Amino acid sequence: MLIVADENIPLLDSFFGDIGEIRRVNGRTLAPDQVRDADILLVRSVTRVDRQLLEGARVRFVGTATIGTDHIDQAWLQEQGIGFAAAPGCNAVSVAEYVLSVLSLYAEKRGIEDWSSLTVGIVGVGNVGGELARMLERLDFTVKLCDPPRQEAEEERAEEFVPLAEALECDVVTLHTPLTRTGDHPTNRMIAGSELAALGQDQLLINAGRGEVIDGEALLARLQQADAPTVVLDVWEHEPRINPDLLDRVWLATPHIAGYSLEGKMQGTEMIYQALCRYLGLPVRKKAGQFLPEPALSKVSFTSSADEDEAVQVALRACYDPRRDDARLRLTMRGNPEERAQAFDRLRRDYPVRRECSSLKVQLKGSSKSIQDSFRAIGFKLKI
């Protein structure tokens, strides 16, 4: 059995080596002749999987190690009788921690001592948005949820959701929707001229969902105005050929890596491994946890004199500080468009190991219940 897999999917040999022969490929440039003799295809979000790629191939199962599926023509796969699986929620914690770290930096930038005084509008309350809401609410943030499809489908919970216009009134607006172009609530360019005009200079807009959810041209025009909001982008229109002018205007810019924690990546591999085992009728014998290495930073300690918010934010940034990725991305914006695109992809391919907060043990000496609850809300392991 031949397994063609994106070379950037971690632990391919560990999970799939005893199922079949593995052929590693560049997911961005994958061509039909590279998959014609494959039985299994494993991809990430950079590969469009449709009739053009697979017609005439013998592929009978496709797995994407991502939470998003807009790069997969699922209807065509179903018509062809090709099995399919994604990894919903695999990197939800990673993206939520990315947003929390951004929030801590934003509060510092604004001189806000109590970061939980910021109101947060979450647009798209699926696995990622739901995880983020859970963390923020446990940290005593005021959170407003916007998800029209869920609001319509869950009538008993409809009052928990607010319209987009109300979410856009929050101090922070963070986008976590899938990319959809059809239906009653398409998200393609959902945030465009009028929505961006509603955001003022005392607001923060974060997009760690899909780049096309924001109209890039309208965003660039808005950021050139004096009263523009502060913007953080992890995802971009036209990746990997992102607009350098837009990058110059945003406060923090990262190369689509919000979900790139080691745990998130490995869980994505594990989920498609489990799905393939079910498809083939094989026993599931492996779990991501058995392959996790020891973290480089394993323990931090705070005394009773530590300020609660400051201690939480120090530990959070010790695990992940987006300013490092921002600096790396800005350094790639040299050369011609093709060179910049290749550099963008290299940042993702060669991304350094990043661990989630659950990998870090926090020792608290003489601490209050409040600070303990804050650390637990984010997922740190506590030693008291």
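Shown above is the structure to which this text applies.
Since we're looking at a predicted model, the values are computed, not measured.

1. So, the pairing of strand E3 (residues 40-43)
Residues Ile40 and Leu42 of E3 are buried on one face, and the alternating residues Leu41 and Val43, pointing to the opposite face, are buried as well. As judged from the 3 bridges shared by strand E1 (residues 2-6) and E3, these two strands associate in the parallel manner. Following the sheet pairing, Ala5 is matched in E3 by Leu42. Strand direction decides the pairing type here: E3 and strand E4 (residues 61-64), joined by 4 bridges, are parallel. Note that in E4 the partner of Ile40 across the bridge is Phe61.

2. Side note on helix H12 (residues 262-280)
The terminal C-alpha atoms of H12, which comprises 19 residues, lie 27 Å apart, in line with the 27 Å expected from a rise of 1.5 Å per residue. Taken residue by residue, H12 has Leu262, Glu263, Gly264, Met266, Gly268, Thr269, Glu270, Ile272, Tyr273, Ala275, Leu276 and Cys277 as its buried positions. Those residues of H12 that are buried are in contact with helix H1 (12-16), E3, E4 and strand E5 (83-85). Immediately downstream of H12, the backbone of Gly281 shows phi near 75°, a positive value.

3. Topic: the environment of Gly126
Following the sequence through the fold, Gly126 ends up in the loop between strand E6 (119-123) and helix H6 (127-138). When the C-alpha positions of Gly126 and Ala158 are compared, they lie 15 Å apart, and in sequence the two are 32 residues distant. Excluding its chain neighbours within four sequence positions, the residues that come into contact with Gly126 are Glu131 and Asp147.

4. Some thoughts on the side chain of Asp326
For Asp326, the location among the structural elements is in helix H14 (residues 322-331). Given a relative accessible area of 10%, Asp326 falls into the buried group. Non-local contacts of Asp326, meaning those with residues more than four positions away in its chain, are made with Trp251, Leu252, Ala253 and Thr254.

5. With respect to the sheet that holds strand E10 (residues 230-233)
Strand order in the open sheet formed by 6 strands is E7-E6-E8-E9-E10-E11, with parallel pairing between adjacent strands. Single-partner strands in this sheet number two, and they are strand E7 (142-146) and strand E11 (252-253). Bridging between strand E9 (residues 204-207) and E10 involves 4 bridges; their strand directions are parallel. Bridge assignment links Ile206 to a residue of E10, and that residue is Val232.

What counts and how
- Residues numbered from 1 in each chain as written.
- Predicted model: local features only at pLDDT ≥ 70, side-chain atom pairs only at ≥ 80, totals over all residues.
- Heavy atoms only, no water.
- Buried < 20%, exposed > 50% of the residue type's maximum accessible area, 1.4 Å probe, protein only.
- Helix = DSSP H or I, 4+ residues; strand = E, 2+ residues; numbered from the N terminus.
- Pairing = 2+ DSSP bridges.
- Expected span 1.5 Å × (residues − 1).
- Contact = heavy atoms within 4.5 Å.

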